[in-house]
Amino acid sequence: MQVIGRLVLFVAAVTFFYAWFVTKIPQSESLPPEEIKLDPETLTCAQVVEAGRKTLTSKGQCLVCHSIEPDPKARGPAFSGVGARAAKRRPGLTAPEYIYQSMTQPQAFVVEGYPPIMPPANKPPADLNEFEVSAVVDYLLSLGGSPTCELDRLKELLRAAAREAPKPAVDMASLSPADRGREIFLGKGTCMACHITPHNPNPQAIVGPDLSKVGSRRDADFIRKSILDPNADVTEGYPPGVMPPIFASLLTPEELNDVVAYLSSLR
Amino acid sequence: MRYPGSGLLRALDRTEAHAPHGVGAGVFKGIFKTLAILTVSMLAVYLLNQTLPDATYREFGRGGARIVIWLVAQLHLMLGAFMLGAPIFAVIVEVIGWRTKEAKYDLLAWDFTKLVAVAGAITSLTGGAMLIVFAVFYPKLFSYMRGIFMPTWYLYVGLLFAEVILVEVYFLMWDRMARRKGAHILMGVLLNLVGTSIVFLTNAWAAFMMTPQGVSDAGVRESLWKVIHTYSWMPLNLHRLVANVAFGGAVASAYAAFRFLSAKTDKERAYFDWMGYIGNFIMISALIPLPFMGYYLGREIYAYSEQMGVSMMGGAFSWLWIVQAALIGALFTGLNYYLWLSMGKIEGAQRYRKAIPPLLVVLILCYAVWLTPHSLVASLEEARAIGGTHHPVLGVLGVMSAKNTAVNLMILTTYLSFLFYRRANKECTASWKSVGNGVLWSLVAGAAVYVIYLGVKGYFVPAIVRIGYSVYQVGAVACVLIFGTLLDVLLYRGAKVVGPIRWGRMPARSQYTLLFLAVSFIWLMGLMGYIRSGVRQFWHVYGVVKDTSSGAYLPAHGVSGMIVSSAVLIFFLFICLVFYLGQKIEKKVEISL
């Protein structure tokens with residue numbers, strides 16, 4: 001037992017020496033990025049640009065690969081002067097359109113000499129919401145150019161962001177098909193951009209029919225057909241060709257079933 | 001002996017002869033303990049989840065739940081690593097004993113397996129504790145992971161019982177099957193196949209959390225195979241498999257040190273001195289290829305997400321890589337010191353003593369370069385204090401070119417120490433001695449010069465070319481390790497023995513060195529595990545399930561160091577219990593070392 005005691009003391013001494021050593025190196029704690037809190041009613045362009053700068057340096061993690069000033073070691077193009085360059089990058093795209101596309105569809109155009117490694121900024125892990133993406137666009141426009149600052153649109157995006165609850169740990173596997181369909185409707189499917197449901201009471205979502213009680217007037221087969229071939233039977237009062245026929249490839253068969261189950265449950 | 005059991009168990013019991021207790025009883029006890037722990041844990045999870053209010057997270061102080069899960073998971077991982085790694089080399093040593101007909105190897109393999117058999121229950125206990133804390137503190141995440149990997153849990157439980165049964169049978173049938181060694185070894189191989197399956201299966205869960213694939217944007221599983229076969233799965237499998245062997249060797253050498261220090265007779269001291277040497281040799285042999293597995297894992301992480309790769313190597317963790325360098329340097333230094341001390345027990349080793357000071361100088365210089373930081377996340381004050389993000393003079397040594405050169409020279413230095421140790425009591429009698437030695441020394445010197453040449457050239461070429469140089473440097477050193485050893489074995493075949501190896505005539509500090517090596521390696525494993533897991537940052541499942549708990553942050557390095565230290569210390573407290581129980585199971589075998 002005496003030997004065991006000595007052994008334990010020796011191990012304790014070595015392990016805590018290492019722990020002590022680690023306390024002597026520069027300490028850093030990495031906290032989750034702070035959510036930007038702005039009042040939509042008093043929003044100014046300067047606030048938007050500042051919010052964009054903060055997002056770019058924290059939650060967006062853009063500086064992991066990009067730099068502000070040109071740096072030969074950076075994995076992505078430098079931001080300095082991008083506001084002036086952006087309008088000339090791709091014919092047919094304005095400066096804000098180009099930057100927005102570069103952020104959300106980064107592989108659509110890759111600057112020569114750089115690898116196509118950037119993940120979409122509006123998808124995890126950065127997972128920026130629409131307001132944050134727009135604020136970063138305005139900040140980047142301010143570097144050598146002028147931010148557009150569409151304040152009305154930005155205010156609405158800010159209100160929409162405030163309505164979204166913090167994303168909890170999803171438990172999709174244990175959800176019912178209708179609940180999973182609701183998550184897809186509000187998330188991947190992007191259906192909430194055009195349709196109102198009890199879970200998406202967004203007054204701006206009036207491009208397509210209100211689906212709040214769609215389950216009581218349409219059966220599952222009709223709903224499925226309308227998602228896969230939206231122009232086959234367009235609801236009266238709505239123009240044809242607005243809803244894109246992309247959902248057969250966008251959603252997996254399981255996800256499609258879940259969305260149909262969700263919409264069928266709305267009665 | 002009466003116990004409720006199947007016909008198979010009773011049949012096994014009748015075959016038992018010299019085992020510490022009946023084979024059937026051993027198997028039954030193993031199954032019973034595992035089943036009891038599993039049942040109690042699941043019951044506890046059920047009752048706690050029923051009693052406590054429904055929540056996404058259940059807190060245990062601020063961020064305390066995360067620390068508890070971290071500690072328990074780390075402990076279980078360490079014990080599991082020993083349980084799954086030690087049988088790999090136990091079987092290899094048994095095969096060596098079988099082919100060479102030397103009883104010492106068979107006894108050594110038996111001793112390793114004995115520790116595995118004793119550690120089984122403690123490993124199951126920590127596994128049960130892990131199940132409880134995970135399911136109770138993070139119920140939603142637990143539920144999500146359960147759903148994603150649903151059929152694999154049943155497979156895991158099945159493999160767990162198979163492992164328990166095979167460990168018991170493999171250990172307790174040792175003497176009974178002495179005349180059917182082939183069949184016994186086959187059983188050991190089967191045990192390792194089951195163990196490896198457990199490693200691969202559990203790695204799939206960890207790899208999915210890190211580099212998830214096979215789920216939709218909403219996190220719904222699309223394919224079971226895809227969620228298993230993610231980017232980091234295979235590199236993690238290889239990395240952990242080899243690391244488990246090194247881990248098993250580290251614990252075995254620590255056990256040998258403990259037994260050496262508490263030995264009453266010279267015979268005991270001699271045997272455990274030899275056991276410590278072999279355990280340490282296994283640890284180092286598995287440690288050397290580990291960085292390559294690490295590179296493979298790192299490459300796959302970069303391939304999955306450049307952002308994650310950059311965060312791992314250059315972000316918040318950059319200083320921890322310096323700590324890693326300090327630990328690896330300590331391992332090499334400790335290993336060389338152990339070999340030099342070991343030469344003290346060999347008559348004839350005096351011839352090589354003059355080589356030790358220059359080796360020590362090379363080691364110290366390389367260690368210093370290996371430790372030199374280059375560009376780190378520094379505060380403005382720190383950057384001002386050193387005149388930039390890296391030191392104007394020392395920063396030149398902190399780059400990859402210098403570090404790769406340093407670590408390769410450290411490996412070569414250690415190889416030379418090992419070579420002198422091997423040759424210590426022998427005199428070469430081969431007719432081609434001069435030519436052979438000339439080739440060998442040219443090989444070592446050539447590799448050293450080549451490594452340094454590429455290191456210097458690395459400063460003048462673009463990064464993409466420089467990265468490629470590390471492969472050539474490692475290749476040159478690997479050539480020396482393989483061909484040099486082969487040449488040395490041929491040269492010293494039938495060599496004249498000039499003096500005996502006096503096994504057991506070692507100072508106590510040599511055994512503390514063994515212990516130091518074991519603790520350092522285990523601490524390193526805890527640290528690297530933290531970095532691997534920490535790169536997920538604020539995600540439970542990277543990019544799929546966000547961590548919204550109060551523990552969703554990376555603690556200050558000092559805190560993480562303290563947690564790793566606590567896990568290592570608690571692990572050693574458990575392992576001391578294993579050692580204590582292990583020394584009570586002995587068998588008398590006459591061996592000559």
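Here the structure is a predicted model, which is why all the values come from computation and not from measurement. (Residues numbered from 1 in each chain as written. Chains lettered and ligands numbered in written order. Predicted model: local features only at pLDDT ≥ 70, side-chain atom pairs only at ≥ 80, totals over all residues. Heavy atoms only, no water.)

Participant: Pulling in residues and values, what's your account of the overall build of chain A?
Facilitator: When its secondary structure is counted, chain A shows eleven helices and zero strands. Scanning chain A from its N terminus toward the C terminus, one meets helices and strands in the order α-α-α-α-α-α-α-α-α-α-α. Here the C-alpha radius of gyration of chain A, 25 Å, is well above what a compact globule of 267 residues would show, namely 18 Å. When the backbone C-alpha atoms are referred to their principal axes, chain A occupies close to 85 × 60 × 40 Å. (Helix = DSSP H or I, 4+ residues; strand = E, 2+ residues; numbered from the N terminus. Rg over C-alpha atoms; globule rule 2.2 N^0.38 Å.)

Participant: Describe in detail the overall build of chain B, supporting the description with residues and values.
Facilitator: Secondary structure summary: chain B contains 20 helices and four strands in total. Relative to the compact-globule value of 25 Å for 593 residues, chain B shows a C-alpha radius of gyration of 25 Å, a close match. Dimensions of chain B along its principal axes, counting C-alpha atoms only, are 75 × 70 × 40 Å. Across the 593 residues that make up chain B, the buried fraction comes to 58%. Sequence-distant contacts in chain B: of pairs separated by 6 or more residues, those separated by 24 or more amount to 82%. (Buried < 20%, exposed > 50% of the residue type's maximum accessible area, 1.4 Å probe, protein only. Contact = heavy atoms within 4.5 Å.)

Participant: Residue-level account of empty space enclosed by the protein, with values.
Facilitator: For the coordinates displayed, the defined rule picks out four cavities of 30 Å³ or more. Forming the walls of the largest cavity are 39 residues, and the residues nearest its centre are His 66, Pro 77, Phe 79, Ser 102 and Met 118 of chain A. Those elements that place two or more of their residues in the lining of the largest cavity are helix 3 (82-89), helix 4 (95-104) and helix 5 (130-142) of chain A together with helix 12 (306-314) of chain B. In terms of residue count, the dominant contributor to the lining of the largest cavity is helix 4 of chain A (four residues). (1 Å grid on protein atoms, 1.4 Å probe; cavity = no way out; pocket = protein on both sides within 12 Å on 5 of 7 lines; lining within 4 Å. Points joined across faces, edges and corners; volume = space filled by probe spheres on them.)

Participant: Can you explain the domain arrangement of chain A? Please cite residues and give values.
Facilitator: Where interface size is given, it is often the accessible area lost as the parts come together that is meant. As assigned here, chain A comprises domain 1 (2-30 + 173-264) and domain 2 (45-163). Each of domain 1 of chain A and domain 2 of chain A has a C-alpha centre, and the two are 24 Å apart. (Domains from an automatic or database assignment.)

Participant: Account for the nonpolar core, naming residues and giving values.
Facilitator: Taken as a class, soluble globular proteins show a tendency for nonpolar side chains to be buried jointly. Ranked by size, the top nonpolar core spans 207 residues in total, and within it Phe 247, Phe 521, Phe 571 and Phe 572 of chain B carry the most contacts. Other than its neighbours up to four places away in sequence, Phe 247 of chain B contacts Met 78, Ala 81, Phe 82, Phe 521, Ile 522, Met 525 and Phe 571 of chain B. Of all hydrophobic cores here, the second largest spans 21 residues; its members include Val 49, Leu 56, Cys 62 and Leu 128 of chain A. (Core = buried A, V, L, I, M, F, W, Y, C linked by side-chain atoms within 4.5 Å.)

Participant: Give a description of the pattern of salt bridges that names residues and reports values.
Facilitator: Residue and element names in this part refer to chain B. Enumeration according to the criterion identifies 22 salt bridges over all chains in this entry. Between Lys 140 and Asp 54 there is a salt bridge whose closest N-O contact spans 3.7 Å. Placement of Lys 140 in helix 5 (residues 139-148) and of Asp 54 in the loop between helix 2 (23-51) and helix 3 (64-100) is noted, with a sequence separation of 86 residues between them. The class of Asp 54 is exposed, set by a relative accessible area of 67%. (Salt bridge = Lys/Arg side-chain N within 4 Å of Asp/Glu carboxyl O.)

Participant: Could you give me a rundown of the packing of helix 7 (residues 181-210) of chain B against helix 9 (residues 233-261) of chain B, with the residues and numbers involved?
Facilitator: Residues and elements named next belong to chain B. Here helix 7 crosses helix 9 at 130 degrees, and the two axes come no closer than 9 Å. One finds that helix 7 runs oblique with respect to helix 9. As for the relative orientation of helix 7 and helix 9, their crossing is right-handed in sense. Of helix 9, the residues touching helix 7 (which contributes Thr 196, Val 199, Phe 200, Asn 203, Ala 204, Ala 206 and Ala 207) are Trp 233, Met 234, Leu 236, Asn 237, Arg 240, Leu 241 and Asn 244. Residue classes in the contact of helix 7 with helix 9 are distributed as nine nonpolar, four polar and one charged. (Axes fitted to C-alpha atoms, helices over the stretch in contact; angles between N-to-C directions. Parallel < 35°, antiparallel > 145°, perpendicular 65-115°, else oblique. Left-handed = near helix turned anticlockwise from the far one by under 90°. Nonpolar A, V, L, I, M, F, W, Y, C, P; charged D, E, K, R; others polar.)

Participant: Lay out the state of the cysteines with the relevant residues and their values.
Facilitator: All names here are of chain A. Inspection of every chain in the model, using the stated rule, returns one disulfide over all chains. Between the sulfur atoms of Cys 45 and its disulfide partner Cys 149 the distance amounts to 1.9 Å. One quick way to see it: the torsion about the S-S bond of Cys 45 and Cys 149 is about 70 degrees, and its sign makes the bridge right-handed. Of this pair, Cys 45 sits in helix 2 (residues 45-57) while Cys 149 sits in the loop between helix 5 and helix 6 (151-163); the two residues are 104 residues apart in sequence, bridging distant segments of the chain. (Disulfide = S-S within 2.5 Å.)

Participant: Tell me about the packing of helix 4 (residues 103-137) of chain B against helix 5 of chain B, and please be specific about residues and values.
Facilitator: Residues and elements named next belong to chain B. Packing of helix 4 against helix 5 leaves a shortest axis separation of 5 Å and a crossing angle of 110 degrees. If you check the angle between helix 4 and helix 5, you find them roughly perpendicular. On helix 5, the residues touching Leu 131, Phe 134, Ala 135, Val 136 and Phe 137 of helix 4 are Pro 139, Leu 141 and Phe 142. Among the residues forming the contact of helix 4 with helix 5, the class breakdown is eight nonpolar, no polar and no charged.

Participant: Outline the interface of chain A and chain B, listing residues and values.
Facilitator: Taken residue by residue, the interface counts 50 residues in chain A and 60 residues in chain B. Summing the contributions of chain A and of chain B, the shared interface buries around 5100 Å²; its carbon and sulfur component is 71%. Run the count over chain A and chain B and you get one salt bridge. Put simply, Lys 546 of chain B and Asp 127 of chain A hold a salt bridge, and the shortest N to O gap is 3.9 Å. For the pair chain A and chain B, the interface holds seven residue pairs in polar contact (both at pLDDT 80 or more). Within the residue set of the side of chain A that touches chain B, elements represented by two or more residues are helix 1 (2-24) and helix 7 (177-186) of chain A. The dominant element in the side of chain A that touches chain B, judged by the number of residues it contributes, is helix 1 of chain A, at 16 residues. (Buried area = accessible area lost by both parts, 1.4 Å probe. Polar contact = N/O pair within 3.5 Å; in protein donor to acceptor, adjacent residues only side chain to side chain.)

Participant: Residues and numbers for the confidence of the model for chain B, please.
Facilitator: Residue and element names in this part refer to chain B. Taken residue by residue, chain B gives an average pLDDT of 89. The fraction at 70 or more is 93%. Scored below 50 in pLDDT, residues 1-18 shows 27 contacts in the model against residues more than four places distant or in partner chains. Predicted complex metrics record ipTM = 0.88 and pTM = 0.80. (pLDDT = per-residue confidence, 0-100.)

Participant: Give a detailed account of unusual backbone geometry, specifying residues and quantitative values.
Facilitator: Positive phi outside glycine occurs at Gln 61 of chain A, with the angle close to 55 degrees. Along the chain, the position of Gln 61 of chain A falls in the loop between helix 2 and helix 3.

Participant: Any details on the environment of Val 27 of chain B? Residues and values, ideally.
Facilitator: By the secondary structure assignment, Val 27 of chain B is in helix 2. Separated by 140 residues in the primary sequence, Val 27 of chain B and Val 167 of chain B place their C-alpha atoms 8.7 Å from one another.

Participant: Tell me about the environment of Val 480 of chain B, and name the residues and values.
Facilitator: All names here are of chain B. For Val 480, the position within the fold is in helix 18 (residues 463-491). For the pair Val 480 and Phe 292, spaced 188 residues apart in the sequence, the C-alpha separation amounts to 17 Å. Contacts of Val 480, omitting those with residues within four sequence positions, involve Leu 412, Tyr 415, Leu 443, Val 444, Ala 447 and Thr 485.

Participant: Quick one: what's the story with helix 10 (residues 266-287) of chain B, residue by residue and with numbers?
Facilitator: Between the first and last C-alpha of helix 10 of chain B there are 31 Å, a value that for 22 residues agrees with the 32 Å anticipated at 1.5 Å per step. Most of helix 10 of chain B sits inside the fold, with 16 of its 22 residues counted as buried. (Expected span 1.5 Å × (residues − 1).)

Participant: Describe the side chain of Thr 123 of chain B, and please don't skip the residues or the numbers.
Facilitator: Residue and element names in this part refer to chain B. Tracing the backbone shows Thr 123 in helix 4. On the accessibility criterion, Thr 123 (8% relative accessible area) is buried. The residues contacting Thr 123, other than those within four sequence positions of it, are His 76, Leu 79, Gly 80 and Met 83.

Participant: Please set out the environment of Arg 259 of chain B residue by residue, giving values where relevant.
Facilitator: Residue and element names in this part refer to chain B. As for its position among the elements, Arg 259 is in helix 9. Among the residues examined, Arg 259 registers a relative accessible area of 5% and is labelled buried. Among residues more than four places away in sequence, those in contact with Arg 259 are Lys 114, Glu 268, Phe 272, Gln 583 and Glu 586.

Participant: Break down the side chain of Asn 404 of chain B for me, with residues and values.
Facilitator: In this fold, Asn 404 of chain B is placed in helix 16 (residues 400-423). Those residues in contact with Asn 404 of chain B, other than ones at most four positions away along the chain, are Tyr 295, Ser 470 and Gln 473 of chain B.

Participant: Provide a residue-level description of a nonpolar patch on the surface, including the pertinent values.
Facilitator: Residues and elements named next belong to chain B. A contiguous nonpolar surface patch, about 750 Å² in accessible area, is contributed by Val 393, Leu 394, Val 396, Leu 397, Ile 452, Val 456, Tyr 459 and Phe 460. Note that Tyr 459 resides in the loop between helix 17 (433-457) and helix 18. With relative accessibility at 35%, the residue Tyr 459 sits in the partly exposed group. (Patch = residues over 30% accessible without salt bridge, like charges linked within 9 Å, V, L, I, M, F, W, Y side chains within 5 Å. Areas by Shrake-Rupley, 256 points an atom, 1.4 Å probe, with all protein chains shown as cover.)

Participant: Could you give an account of the packing of aromatic side chains, naming the residues involved and the relevant values?
Facilitator: Residues and elements named next belong to chain B. This structure, assessed with the given rule, holds 36 aromatic pairs over all chains. Judged by centre distance (6.1 Å) and plane angle (75 degrees), the ring pair of Phe 200 and Trp 233 falls under edge-to-face. One end of the pair, Phe 200, is in helix 7; the other, Trp 233, is in helix 9, and 33 residues separate them in sequence. The class of Trp 233 is buried, set by a relative accessible area of 9%. Each residue in the set Tyr 105, Tyr 255, Phe 258, Tyr 271, Phe 272, Trp 274 and Phe 579 is aromatic and connected to the rest through ring pairs, giving one cluster. The residue whose ring lies beneath Arg 66 is Tyr 553, and the NZ or CZ to ring-centre distance is 5.0 Å. Directly above the aromatic system of Trp 98 lies the positively charged group of Arg 99, at a separation of 4.8 Å from the ring centroid. (Phe/Tyr/Trp six-rings, centres within 6.5 Å; stacked < 30°, edge-to-face > 60°. Lys NZ or Arg CZ within 6 Å of the ring centre and 35° of its normal.)

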